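For reference, the chains in residue letters:
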Amino acid sequence: MLDITPLYAALLALVFLPLFIMVAQERAKQNRSIGYDMGSTLHLRVRRHGNFVEWIPFVLILMACAEIRGLSDMWLHIGGVLTVLGRLIHPVGLKTMNAWHPLRMVGNTGAMAPMILYIITILYSYL
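Notes on the structure in this doc start here. (Residues numbered from 1 in each chain as written. Predicted model: local features only at pLDDT ≥ 70, side-chain atom pairs only at ≥ 80, totals over all residues. Heavy atoms only, no water.)

Next up on the list: the overall build of the protein. The number of helices and strands found in the protein is 4 helices and 0 strands. Beginning at the N terminus, the succession of helices and strands in the protein can be written as α-α-α-α. Considering the protein as a whole, with its 127 residues, one finds that 39% of them fall into the buried category. For the protein, the share of sequence-separated contacts (at least 6 apart) that also reach a separation of at least 24 residues comes to 69%. When the accessible surface of the protein is split by element, carbon and sulfur atoms take 71% of a total near 7,500 Å². (Helix = DSSP H or I, 4+ residues; strand = E, 2+ residues; numbered from the N terminus. Buried < 20%, exposed > 50% of the residue type's maximum accessible area, 1.4 Å probe, protein only. Contact = heavy atoms within 4.5 Å. Areas by Shrake-Rupley, 256 points an atom, 1.4 Å probe, with all protein chains shown as cover.)

Direction vectors running N to C along helix H1 (residues 5-30) and helix H2 (residues 41-68) enclose 165 degrees, while the axes themselves pass 9 Å from each other. Relative to H2, the element H1 lies roughly antiparallel. The two elements H1 and H2 cross, and the hand of that crossing is left-handed. (Axes fitted to C-alpha atoms, helices over the stretch in contact; angles between N-to-C directions. Parallel < 35°, antiparallel > 145°, perpendicular 65-115°, else oblique. Left-handed = near helix turned anticlockwise from the far one by under 90°.)

Another aspect to go through is the packing of aromatic side chains. On inspection of all chains with the given rule, the structure shows 2 aromatic pairs. With a centroid separation of 5.8 Å and an interplanar angle of 45 degrees, the aromatic rings of Phe-16 and Phe-52 are classed as tilted. With Phe-16 in helix H1 and Phe-52 in helix H2, this residue pair connects regions lying 36 residues apart in the sequence. The partly exposed category is assigned to Phe-16, whose relative accessible area is 27%. Pairwise contacts between aromatic rings join Phe-16, Phe-20 and Phe-52 into one cluster. (Phe/Tyr/Trp six-rings, centres within 6.5 Å; stacked < 30°, edge-to-face > 60°.)

Relative orientation of the contacting elements H1 and helix H3 (residues 73-93) amounts to 5 degrees, with a least axis distance of 10 Å. Comparing the axis directions of H1 and H3 gives the class roughly parallel. Residues Leu-7, Tyr-8, Leu-11, Leu-12, Val-15 and Leu-19 of H1 form the contact with H3, whose own contacting residues are Leu-76, His-77, Gly-80, Val-81, Thr-83, Val-84, Arg-87, Leu-88 and Pro-91.

Taking 1.5 Å per residue, 26 residues should reach 38 Å; H1 reaches 37 Å between its end C-alpha atoms and fits that length. With its phi angle positive at about 50 degrees, Asn-31 sits one or two positions after the end of H1. (Expected span 1.5 Å × (residues − 1).)

In this section: unusual backbone geometry. Its identity as a non-glycine residue notwithstanding, Asn-31 has a phi of 50 degrees, on the positive side. Owing to a relative accessible area of 71%, Asn-31 belongs among the exposed residues under this scheme.

Residues Leu-7, Leu-11, Leu-14, Leu-17, Phe-20 and Ile-21 make up a contiguous nonpolar surface patch of roughly 540 Å² in combined accessible area. Residue placement: Leu-7 occurs in helix H1. (Patch = residues over 30% accessible without salt bridge, like charges linked within 9 Å, V, L, I, M, F, W, Y side chains within 5 Å. Salt bridge = Lys/Arg side-chain N within 4 Å of Asp/Glu carboxyl O.)

Once that is clear, we can look at the nonpolar core. Formed by 19 residues in total, the largest nonpolar core has its most connected members in Leu-12, Phe-52, Met-63, Leu-76 and Tyr-118. For this core, the elements supplying multiple residues, two or more each, are H1, H2, H3 and helix H4 (102-124). Top element by residues in this core is H2. It accounts for 7 residues. If we skip the residues at most four places from it in the chain, Phe-52 touches Leu-12, Val-15, Phe-16, Leu-19, Pro-57 and Arg-87. (Core = buried A, V, L, I, M, F, W, Y, C linked by side-chain atoms within 4.5 Å.)

Following this line, the structure appears as structure tokens:
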């Protein structure tokens with residue numbers, strides 16, 4: 001049974017919702033159903049939301065697999081906290097004209113490091 005992954009899935013859903021709401025609000029403000037102008041506020045909000053959607057489902061799947069394969073509670077919580085913090089920080093650092101913003105790097109690391117931990121755990125469990 002999964003005891004830890006659902007906690008982080010719920011916490012990450014709480015991060016997802018404001019990102020979604022910000023896109024919806026900007027679409028309403030611009031009276032735009034789909035698409036966006038490059039460099040616009042809507043473009044930036046769509047990418048912040050999109051980046052979350054691109055990463056987090058896969059991280060949670062790997063987290064669940066690692067939990068099933070026996071990763072310790074401590075490491076699951078470390079990975080979960082890093083992921084949540086990273087996803088809170090990442091949108092602040094995701095800037096249209098600055099691909100190397102430090103908060104973007106920290107935010108990406110917050111998802112990438114746990115993902116690597118989960119991958120290693122899963123693969124090691126088959127040795």
